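In case you want the letters, here they are:
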Amino acid sequence: MRIKDKKRFVIACSGLVILLILIIVVVIIGFGHKNNTNGSADNQKNLPSSAAQTPTSNKSESATNSPSKSTETTMDITTTDSLTMLVNKNHPIPESYVPADLITVDLPSTRDTQLRTVAAAGLTKLFDAASEAGLELYCCSGYRSYETQSELYDWNVSTYGVEGADLVSAQPGKSEHQLGLAMDVTSASVDFDLLESFGTTAEGQFIKDNAYKYGFIVRYPQGKTDITGYAYEPWHLRYLGVDVATDIYNSGKTMEEYFGTN
Ligand SMILES: [Zn+2]
């Protein structure tokens, strides 16, 4: 081979090598791209599963929406199971009504007391908050059946006469206690009794200022007897749910005034 031919041969070889390298590079890139495509195919495979998760997150969204829906339904003041059912001397409840979800409250009590589940949960939080403030509350009277209310009213009539009884005790079928959404609370400072002076105790003040945060209102405030029909009862808590209780608390109104009825 002549030197010129040798040079040509070397150039040709180098050209071939470069071409080979180029082909290898192209193949590698192509393979890598294929892999990437596979990767995104996996991602696409993941997509349906994440898309499958979307209904779940929609579900959880609709679950988050349902409390607001139930808030709407709880503004119902005429259905016995509604948390905002209005019960007073003009709005009785059927003799046969018994809440389906009554539970015995797991809180300090002076006797056996029951509430609807949601109200019991709210009361537990209220008692916990009181406890953190160094105060000890006691349940005194929660759910009362129509029959129990009947006996209680009869006792009050025999003790105070009809007029006196009607001021401090509901006639059967006209007590919030039959809803399972009312609890009378007391403390050692009033000797575990239900007294007006409870309103001036640290426990009574705490309830007045904080009950709404846990869904309760002091249902029969001072100076509102002509509207509520009952004497001041600083111990009687009514559960309405946090939103409505907070709204009523901020309005300074009674339940009757808030709902525009009597
Ligand atoms: Zn009561």
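Here the structure is shown first, and the text comes after it.
Just so you know, these numbers come straight off a predicted model, no measurement behind them.

## Re the overall build of the protein
Okay, step 1: When helices and strands are counted, the protein shows 7 helices and 6 strands.
Okay, step 2: Reading the protein from its N terminus to its C terminus gives the helix and strand order α-β-β-α-β-α-β-α-β-α-β-α-α.
Okay, step 3: Within the protein, contacts between residues separated by at least 24 positions form 65% of all contacts whose residues are at least 6 apart in sequence.
Okay, step 4: Of the roughly 14,900 Å² of accessible surface on the protein, a fraction of 57% belongs to carbon and sulfur atoms.

## Notes on the pairing of strand β6 (residues 233-239)
Okay, step 1: Taking burial as the measure, the 7 residues of β6 include 7 buried ones, the bulk of the element.
Okay, step 2: Pairing of strand β5 (residues 216-220) with β6, which is carried by 4 bridges, proceeds in the antiparallel orientation. Following the sheet pairing, V218 is matched in β6 by L237.

## Regarding the coordination of the zinc ion
Okay, step 1: Only H177 (NE2), D184 (OD), D184 (OD) and H236 (ND1) from the protein coordinate the zinc ion, and they sit 2.0 to 2.8 Å from it.
Okay, step 2: Its 4 donor atoms give the zinc ion angles of 51 to 153 degrees at the centre, a pattern that matches the irregular case.
Okay, step 3: Counting gaps between the donor residues of the zinc ion yields the pattern H-x6-D-x51-H. Taken together, the positions of D184 in strand β4 (residues 182-186) and H236 in strand β6 put the pair 52 residues apart, joining distant regions of the chain. When sorted by exposure, D184 lands in the same class as H236, which is buried.

## Remarks on a nonpolar patch on the surface
Okay, step 1: On the surface, W155, Y160, L167 and V168 cluster together into a nonpolar patch covering about 420 Å² of accessible area.
Okay, step 2: Locating W155 in the fold gives a position in helix α3 (residues 146-168).

## With respect to helix α4 (residues 202-210)
Okay, step 1: Listing the buried residues of α4 in full gives E203, G204, F206, I207 and N210. Along α4, the residues classed as buried sweep out an arc of 160 degrees about the axis, all on the same side.
Okay, step 2: Residues of α4 that are buried sit in contact with α2 (117-132), β4, β5 and β6.

## Comments concerning the nonpolar core
Okay, step 1: By size, the foremost hydrophobic cluster in this structure holds 31 residues, and its most contacted members are L123 and L237.
Okay, step 2: The set of elements that each furnish at least two residues to this core consists of α2, β4, α4 and β6.
Okay, step 3: Those residues in contact with L123, other than ones at most four positions away along the chain, are L107, L115, C139, M183, F216 and L237.
Okay, step 4: Grouped together as the second largest cluster of nonpolar side chains are 10 residues, I77, Y212, L240 and A245 included.

## Points about the packing of aromatic side chains
Okay, step 1: Tallied over the full model, the rule gives 6 aromatic pairs.
Okay, step 2: Plain terms: the ring middles of W155 and Y160 are 6.4 Å apart, the flat faces sit at 85 degrees to each other, and that makes the pair edge-to-face.
Okay, step 3: Taking relative accessible area as the criterion, W155 reaches 49% and is therefore assigned partly exposed.
Okay, step 4: Ring centres of Y258 and F259 lie 5.0 Å apart, and the angle between their planes is 85 degrees; this geometry places the pair in the edge-to-face category.
Okay, step 5: We note K89 situated over the ring of Y230; from NZ or CZ to the ring centre the distance is 4.5 Å.

## Description of the sheet that holds β4
Okay, step 1: Overall, antiparallel pairing links the 4 strands, which are arranged β3-β4-β6-β5 in an open sheet. Whereas interior strands pair on both sides, the edge strands pair on one side only; in this sheet they are β3 (138-141) and β5. The average angle at which neighbouring strand axes cross in this sheet is 45 degrees, direction not considered.
Okay, step 2: Those strands touched by α2 are β3, β4, β5 and β6, and its axis lies near 130 degrees from that of β6.

What counts and what doesn't
Residues numbered from 1 in each chain as written. Predicted model: local features only at pLDDT ≥ 70, side-chain atom pairs only at ≥ 80, totals over all residues. Heavy atoms only, no water. Helix = DSSP H or I, 4+ residues; strand = E, 2+ residues; numbered from the N terminus. Contact = heavy atoms within 4.5 Å. Areas by Shrake-Rupley, 256 points an atom, 1.4 Å probe, with all protein chains shown as cover. Buried < 20%, exposed > 50% of the residue type's maximum accessible area, 1.4 Å probe, protein only. Pairing = 2+ DSSP bridges. Donors = N, O, S within 2.8 Å, 3.2 Å for Na, K, Ca; no water. Tetrahedral: all angles 85-135°; square planar, octahedral: opposite > 155°, others 65-115°. Patch = residues over 30% accessible without salt bridge, like charges linked within 9 Å, V, L, I, M, F, W, Y side chains within 5 Å. Salt bridge = Lys/Arg side-chain N within 4 Å of Asp/Glu carboxyl O. Arc of directions from axis to C-beta. Core = buried A, V, L, I, M, F, W, Y, C linked by side-chain atoms within 4.5 Å. Phe/Tyr/Trp six-rings, centres within 6.5 Å; stacked < 30°, edge-to-face > 60°. Lys NZ or Arg CZ within 6 Å of the ring centre and 35° of its normal. Axes fitted to C-alpha atoms, helices over the stretch in contact; angles between N-to-C directions.

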